[in-house]
6 protein chains.
Amino acid sequence: MSGPIVVINPNSNQVVTDGLEQALAAFHKAVEIDCVTLAEGPFGIESQYDVDQVALPLAALVKSRPDASAFVIACYSDPGLDLCRATASVPVFGIQESGVLTALARGDRFGVLAIAEASIPRHLRYLRRMGVIERLAGERALNMSVDESARGEGTFERLSEVGQELVADGADVLILGCAGMARHRAVLETRLGRPVIDPTQAAVAMAIGVVLSG
Amino acid sequence: MSGPIVVINPNSNQVVTDGLEQALAAFHKAVEIDCVTLAEGPFGIESQYDVDQVALPLAALVKSRPDASAFVIACYSDPGLDLCRATASVPVFGIQESGVLTALARGDRFGVLAIAEASIPRHLRYLRRMGVIERLAGERALNMSVDESARGEGTFERLSEVGQELVADGADVLILGCAGMARHRAVLETRLGRPVIDPTQAAVAMAIGVVLSG
Amino acid sequence: MSGPIVVINPNSNQVVTDGLEQALAAFHKAVEIDCVTLAEGPFGIESQYDVDQVALPLAALVKSRPDASAFVIACYSDPGLDLCRATASVPVFGIQESGVLTALARGDRFGVLAIAEASIPRHLRYLRRMGVIERLAGERALNMSVDESARGEGTFERLSEVGQELVADGADVLILGCAGMARHRAVLETRLGRPVIDPTQAAVAMAIGVVLSG
Amino acid sequence: MSGPIVVINPNSNQVVTDGLEQALAAFHKAVEIDCVTLAEGPFGIESQYDVDQVALPLAALVKSRPDASAFVIACYSDPGLDLCRATASVPVFGIQESGVLTALARGDRFGVLAIAEASIPRHLRYLRRMGVIERLAGERALNMSVDESARGEGTFERLSEVGQELVADGADVLILGCAGMARHRAVLETRLGRPVIDPTQAAVAMAIGVVLSG
Amino acid sequence: MSGPIVVINPNSNQVVTDGLEQALAAFHKAVEIDCVTLAEGPFGIESQYDVDQVALPLAALVKSRPDASAFVIACYSDPGLDLCRATASVPVFGIQESGVLTALARGDRFGVLAIAEASIPRHLRYLRRMGVIERLAGERALNMSVDESARGEGTFERLSEVGQELVADGADVLILGCAGMARHRAVLETRLGRPVIDPTQAAVAMAIGVVLSG
Amino acid sequence: MSGPIVVINPNSNQVVTDGLEQALAAFHKAVEIDCVTLAEGPFGIESQYDVDQVALPLAALVKSRPDASAFVIACYSDPGLDLCRATASVPVFGIQESGVLTALARGDRFGVLAIAEASIPRHLRYLRRMGVIERLAGERALNMSVDESARGEGTFERLSEVGQELVADGADVLILGCAGMARHRAVLETRLGRPVIDPTQAAVAMAIGVVLSG
């Protein structure tokens, strides 16, 4: 498999795609990575409607890239994941799934830093579907919009505050519950003294594993 | 983190370490990888005694490599994993854990191709400990020694046969339950029409994720 | 709540909608029931693409019926259920969910008669998401198309045969894993000596509970 | 099946039976419903002794009603349920079981408003037996007697207070953990902004499903 | 606590009580043990009715023995256990519960040798209630009456045959699912090469633990 | 089986072994018990290193006692348990495992009084491995050293305080999470009004069950 790993930002916010590029800069030396924006995506994926509306466009994009060696859907709701898997002939990774699985190798009980309260029940259903909810210490929301969290000054302080609450809940590893917060990963890890997983980096690492396994 | 990923073969069988080198050849372009043999290891890790006797030597080896950016313990029993984690200041990955977690991103229910019948109860306890046993379709043994499986002519036919039984059990992704069978991965995947995970490659991919996440 | 319960057939096969009408004939005396066909639906919902493509049209239909006192999505894949719930201000029932929950009140371990092999992993993920997979005795496929199963002569014999296999798996209650097989329910129940649940009837009964609870 | 659904109040408190009649008034148009009091029952079912002493009388009552098309045991402890099922040739529904199953179709994690602290461990054992405890957000007690809760002025305020605590625990649907509180259902639902399930109404709806399924 | 451990045979078959005396002969040197027959019990506890009818008489018997330091209910259905616990001021052990818990310390996955097919769903519900069903390898019935199994010549051969099936299911420890088969324990253990637990002995050992803990 | 039950203190602190002797004084009348100290053990088993370093010496000790009828490893981390079981031809009991299993027969949800915060994640992994974590109400640490807890004046007050927190977490039975606190068992039980399990006494009772079962 010699084509690029295609990382798809399913929302149309270019700030988020740019953030993905930066978050994955070091991964380029391992394998070619192509970060693309889903033109049809909403500005941010926040509601169930946002999640469901991108499924078909994502599958169309996947179909249009027969050169890809793997795909990563870079939105924490893992929109369209089942459909993209049914469509592609190469592996497709969702960042919630990959982020959680990677966290399970870095700590005993994980905590999730969600952007918005409203997405938590959706994530809990997904963790039950994955069969791993027994290892959840807690999920707590920053209560910011995706755009705010990607741009905002106060994001790190909020991450740190909510991260400490999750540590108090028993989390010994934390997951950034959004595609757009990678630049806070390392410094939050230092602040909290616990591994912090950026889910896109986790998914791309898994994709690299597939590509390099030959 | 700029040091190598140190991949440790906890048995003293050089054929297995050489196999690791080959299995990881393509991964070198992503990051420096150093495959080492645990001098104190037994020729193969098959019994509970074998598992327990390597814990302290593994931790000593880990301590002796402050240059490492991550460690991989390349034996499917994940010997000494808790202790190496308590010892190292960098992440340590076990290949059973990483192989299973990676399989969960590639299929719905996984099957494990174990070397020996006797190790299956040990693996099942470990899957319960991981909290993921709900997604196990089955584990079946080749009933070969580690050495035979690493060298033997008949290994592929046996893998194919037992793999088909696991597919019949409901597995839609398979894991090679041993560090020494990577060269059969791609061809077995083709034969069975299902993803086949080499657990060492899976663990190294996760380690790369850590190293490149910055 | 005085409006009708709106039962939506998300595929465009009128035979299936007619079957729903018949299956629900006796329920009309309890409350007004309106069976409608989703014009935008495919002829049968068999693939993941079929499932995902009807989510938005279903939500639009839900939005267009502010008179409804409850909705039932009459396809065993429960397509668009999360979105319809986020859209409607009245309760929305999926027939897989309702069928399974009702089966849990009629027996200890349930068996599911699926139409096609390919949908079984999708159903298993859903049962895990529901948190009730511990009570599944088994799911087995008739291996017919939705259209064949709705029309075909041989459907009952196949239901009976696969039903007996599920009883041997330990099932003491069975679920018809499709919206279009209600006319076989009573006679299959007699043949197998076990309760057989038609999932649309189960969902409509739950909807009636909401409407009559005042 | 043309006979009535027989709803049995296993305690001898006529206020509770009268409340059942009122709670089910609207259900009569769907099917004939006969609310009866178990003459041998204690004044309220609060202790384990109360639960166990009514099992045989309940089964005798069930046996004496061959005209019934289904039975509902209207006490949240589901006393004598296994025995009544072994005795009757028609379906028997317990209100705890039906209330919980119905809640699972109305929200993601449910909360239970118990009457007394002492019954909570009994209910938790029952939820484990049902295999659905993963979806429990919490159970909290009003700490009133069954009689007080059925008559008392302060009941609604207490329900509202404890309901808010359950919402804070993560419950997005609530269950009235007693047969005698249906008159508070609708107003509590409005106050809390979350679906509130009266378990007797839930059980009767399931029974209606059986009767009308033909 | 200086009184006897009172072991109650809840059926009125003296052969079973005599068997209990013999099974516990060696335990007398540890502590005084008093094996009693429940006069009101049926000849064998086989149906749900049998189980439920002994609850109140068992509690009465428990109440009549304030001298007891602990109680054991010696029937594998654990009849009246919750009520006896609510009644007694000393610990009460059920033999199914104690047998299963003890098996969990002797092997990884347990198999149960039930007397009759019909009791298996009741036992499975109980294992779910205990929260330990994940470790069940299987339960299979001898299909004999309690009386036959206690007397019969063919019992051992049947135990051996069904035990081998359970070993093939993955059981590495077996439980005799009845109070009256202790005399086969040791020889069956030898035949099957796996630990075999007599549940009454297991319960009495736990009771001894309480009595001697001071 | 006529030899002694050999109870091994895997640390070299004689105060702890003496405490075991006292805790088991009453058990001697049931069967011969031999409490021994592992010469190679550390002064207290607190870290993962401590746990892993005693596995091989424990197995050697087990091998050197062919006269034993059963073994008990008297440290709450159950060090070397898998290896001792693989080594011995008689049953081997770990005190965490036995203590937890015994607690499951004494209450519905158990609480654990750990010595140190750092051991809690290790214990939680172990409870998941056992498949019983669903019944854990909570585990909380005294935050004392093993030596302090064995000697210290303030130990009882601390046990009482943390025990009350666990009761508030929902625990109705408590386990002393250490081999050296048996002398506080009875008085703590009285103070808290809940059964308190000394895990060594629990393990020895299970071992007595094996020895006396003949």
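Every chain is numbered independently, its residues counted from 1 as its sequence is written. Here the convention is simple: chains get letters from A, ligands get numbers from 1, in the order in which they are written. Thresholds applied to this predicted model are a pLDDT of at least 70 for local features of residues and 80 or more for the giving and counting of side-chain atom pairs; totals over whole chains, interfaces and linings are not thresholded and use all residues. The side-chain quantities take in all heavy atoms of the structure and omit both hydrogens and water.

Asker: I keep staring at the packing of helix 5 (residues 95–103) of chain D against helix 6 (residues 120–130) of chain D and nothing clicks. Help me out?
Answerer: Two packed helices can be described by the angle between their axes and the distance between those axes. Residues and elements named next belong to chain D. To get an axis, fit a line to the C-alpha atoms, keeping to the stretch in contact for a helix; angles then go from 0 to 180 degrees between the N-to-C directions. Helical segments are the DSSP runs of H or I of at least four residues, strand segments are the runs of E of at least two, and each set is numbered from the N terminus. Running from amino to carboxyl end, helix 5 crosses helix 6 at an angle of 65°, the nearest separation of the two axes being 11 Å. As helix 5 packs across helix 6, the resulting crossing turns out to be right-handed. Here Gln-96, Glu-97, Val-100 and Leu-101 of helix 5 come into contact with helix 6, specifically with His-123, Tyr-126, Leu-127 and Met-130. Partitioned by chemical class, the residues of the contact of helix 5 with helix 6 number 5 nonpolar, 2 polar and 1 charged. A crossing counts as left-handed when the near helix is turned anticlockwise from the far one by less than a right angle, and as right-handed when that turn is clockwise. By the convention used here, residues are in contact when the closest approach between their heavy atoms is within 4.5 Å. Polarity classes work like this: nonpolar for Ala, Val, Leu, Ile, Met, Phe, Trp, Tyr, Cys and Pro, charged for Asp, Glu, Lys and Arg, and polar for all others, with Gly in that last group.

Asker: Looking at this structure, I do not really get the sheet that holds strand 6 (residues 136–141) of chain E. What am I missing?
Answerer: Neighbouring strands of a sheet are bound in pairs by backbone hydrogen bonds; such pairs are parallel or else antiparallel. All names here are of chain E. Strand order across the open sheet formed by 4 strands is 6-5-7-8, with parallel pairing between neighbours. Taken across any chain shown, the strands that pair with only one partner, and hence form the sheet edges, are strand 6 and strand 8 (196–197). Any two strands with at least two DSSP bridges between them are considered paired. Two strands pair when backbone bridges link them, and strand 5 (residues 110–114) and strand 7 (residues 173–177) are joined in this way by 5 bridges, in the parallel orientation. When the bridges of strand 7 are listed, Phe-110 appears paired with Val-173. Packed onto the sheet, helix 5 (residues 95–103) meets strand 5, strand 7 and strand 8 and runs at close to 170° relative to strand 7.

Asker: Mind showing me how you'd approach the packing of helix 5 (residues 95–103) of chain A against helix 10 (residues 199–212) of chain A here?
Answerer: Residues and elements named next belong to chain A. Running from N to C, helix 5 and helix 10 point in directions that differ by 85°, and their axes come no closer than 8 Å. As summarised for this structure, helix 5 and helix 10 are arranged roughly perpendicular, according to the angle between their axes. The segment helix 5 lies against helix 10, with Ile-95, Ser-98, Gly-99, Leu-101 and Thr-102 engaging Pro-199, Thr-200, Ala-202, Ala-203 and Met-206. Broken down by class, the residue content of the contact of helix 5 with helix 10 amounts to 6 nonpolar, 4 polar and no charged. What sets the label is the angle itself: under 35 degrees gives roughly parallel, over 145 gives roughly antiparallel, 65 to 115 gives roughly perpendicular, and the rest give oblique.

Asker: It is not clear to me how the interface of chain B and chain A should be interpreted in this structure. Could you clarify?
Answerer: Residue-level contacts link 29 residues of chain B with 29 residues of chain A. Throughout, buried area stands for the accessible area (probe radius 1.4 Å) lost by two parts on being put together, summed over both. Summed over both sides, the interface between chain B and chain A buries roughly 2,500 Å², with carbon and sulfur atoms accounting for 60% of that surface. Every case where a carboxyl oxygen of Asp or Glu lies within 4 Å of a side-chain nitrogen of Lys or Arg is listed as a salt bridge. For the pair chain B and chain A, the interface holds 0 salt bridges. Of the residues in the side of chain B that touches chain A, the class split is 16 nonpolar, 6 polar and 7 charged.

Asker: Even after reading the chapter, I still don't get the pairing of strand 1 (residues 5–9) of chain B, so can you show me in this structure?
Answerer: Residue and element names in this part refer to chain B. Burial classification: accessible surface area is computed with a 1.4 Å probe over protein chains only, and a residue below 20% of its type maximum counts as buried, one above 50% as exposed, and the rest as partly exposed. Here strand 1 lies mainly inside the structure; 5 of its 5 residues are buried. By the alternation rule, side chains of strand 1 split into Ile-5, Val-7 and Asn-9 and Val-6 and Ile-8, which are all buried. Two strands pair when backbone bridges link them, and strand 1 and strand 2 (residues 33–37) are joined in this way by 5 bridges, in the parallel orientation. Within the sheet, the bridge partner assigned to Ile-5 lies in strand 2 and is Ile-33. Strand direction decides the pairing type here: strand 1 and strand 3 (residues 70–73), joined by 4 bridges, are parallel. Its bridge partner being in strand 3, Ile-8 is matched across the sheet by Ile-73.

Asker: What is the right way to read a negative patch on the surface from this model?
Answerer: Side chains of A:Glu134, B:Glu134, C:Glu134, D:Glu134, E:Glu134 and F:Glu134 sit close together on the surface and give a patch of like negative charge. Counting through the fold element by element, A:Glu134 comes out in the loop between helix 6 (120–130) and strand 6 (136–141). Relative accessible area serves as the criterion here: at 43%, A:Glu134 is assigned to the partly exposed category. A patch consists of residues whose relative accessible area exceeds 30% and which take part in no salt bridge; residues with like charges are grouped when within 9 Å of each other, and nonpolar side chains (Val, Leu, Ile, Met, Phe, Trp, Tyr) when within 5 Å. Reported accessibility uses the Shrake-Rupley method at a 1.4 Å probe radius. Residues are deemed covered only where the shown protein chains occlude them. A residue counts as positive if it is Lys or Arg and as negative if it is Asp or Glu; His and the chain ends are not included. Every charge is mapped to an atom, namely NZ of Lys, CZ of Arg, CG of Asp or CD of Glu.

Asker: It is not clear to me how helix 5 of chain D should be interpreted in this structure. Could you clarify?
Answerer: Residue pairs spaced three or four apart in an α-helix point in one direction, given the helix's 3.6 residues per turn. Summarising burial for helix 5 of chain D: 9 of the 9 residues are buried, a large majority. Looking at helix 5 of chain D, one finds that the buried residues are D:Ile95, D:Gln96, D:Glu97, D:Ser98, D:Gly99, D:Val100, D:Leu101, D:Thr102 and D:Ala103.

Asker: Teacher, can you tell me more about the interface of chain A and chain F here?
Answerer: How big an interface is tends to be stated in terms of the accessible area lost upon association of its parts. Counting residues at the interface gives 4 residues for chain A and 5 residues for chain F. Notably, a salt bridge pairs A:Asp108 with F:Arg128, separated by 3.2 Å at the nearest N-O pair. Polar contacts, as counted here, are pairs of nitrogen or oxygen atoms within 3.5 Å of one another; within protein the pair requires one atom able to donate a hydrogen and one able to accept it, and residues that are adjacent in sequence qualify only if both atoms are side-chain atoms. Counting across the interface, chain A meets chain F through 1 residue pair in polar contact (both at pLDDT 80 or more). The residue makeup of the side of chain A that touches chain F, split by class, is no nonpolar, no polar and 4 charged.

Asker: Could you clarify how one ought to interpret the relation of the copies chain B and chain A in this entry?
Answerer: To go from the first copy of the chain to the second, apply a rotation about an axis and then a shift along the same axis. The operation relating chain B to chain A is a screw motion whose rotation component is 180°, with 0.0 Å of axial translation and a residual RMSD of 0.0 Å. Here the symmetry operator amounts to a two-fold rotation axis. Nearest to the rotation axis, the C-alpha of B:Ala30 is located 1.9 Å from it, this being the minimum over chain B. Looking at the interface residues of chain B, 100% of them are also at the interface in chain A, so both copies use one shared face. Copy-to-copy alignment: least squares on C-alpha atoms, limited to residues at pLDDT 70 or above in both.

Asker: What's the story with the pairing of strand 3 (residues 70–73) of chain C in this structure? I'm lost.
Answerer: If a strand is regular, its side chains alternate between the two faces of the sheet. Residues and elements named next belong to chain C. Residues of strand 3 alternate between two faces, with Ala-70 and Val-72 on one and Phe-71 and Ile-73 on the opposite face, all of them buried. Alignment of strand 3 against strand 4 (residues 92–94), held across 3 bridges, turns out to be parallel. Among the inter-strand pairings, Phe-71 is bridged to a residue of strand 4, identified as Val-92. With the strands aimed away from the viewer, a crossover counts as right-handed if its path from the first strand over the helix to the second runs clockwise. For the crossover from strand 3 across helix 4 (residues 81–87) to strand 4, the handedness is right-handed.

Asker: Would you take a moment to explain the domain arrangement of chain A for this structure?
Answerer: Residues and elements named next belong to chain A. Either an automatic procedure or a domain database provided the assignment from which the domain bounds are taken. What the domain assignment lists for chain A is domain 1 (5–94 + 201–212) and domain 2 (97–198). In this structure, domain 1 and domain 2 have C-alpha centres spaced 20 Å apart. Of the residues lining the interface, 26 residues belong to domain 1; the matching set on domain 2 comes to 26 residues. With both sides pooled, the region where domain 1 packs onto domain 2 buries about 2,000 Å², and carbon together with sulfur makes up 51% of that total. On the domain 1 side of the interface with domain 2, the three residues burying the most area are Glu-46, Tyr-76 and Gln-201, jointly 32% of the side's total.

Asker: Can you help me understand the sheet that holds strand 1 (residues 5–9) of chain E in this one?
Answerer: Residue and element names in this part refer to chain E. One open sheet accounts for 4 strands, arranged 2-1-3-4; its pairing is parallel. Sheet topology places strand 2 (33–37) and strand 4 (92–94) at the edges, where each strand pairs with a single neighbour. Direction aside, neighbouring strands of the sheet carry axes that sit 20° apart on average. Against the sheet, helix 1 (residues 14–23) engages strand 1 and strand 2, with an angle of about 170° to strand 2. Across the sheet, helix 10 (residues 199–212) lies against strand 1, strand 2, strand 3 (70–73) and strand 4, angled at about 155° from strand 1, the strand it touches most.

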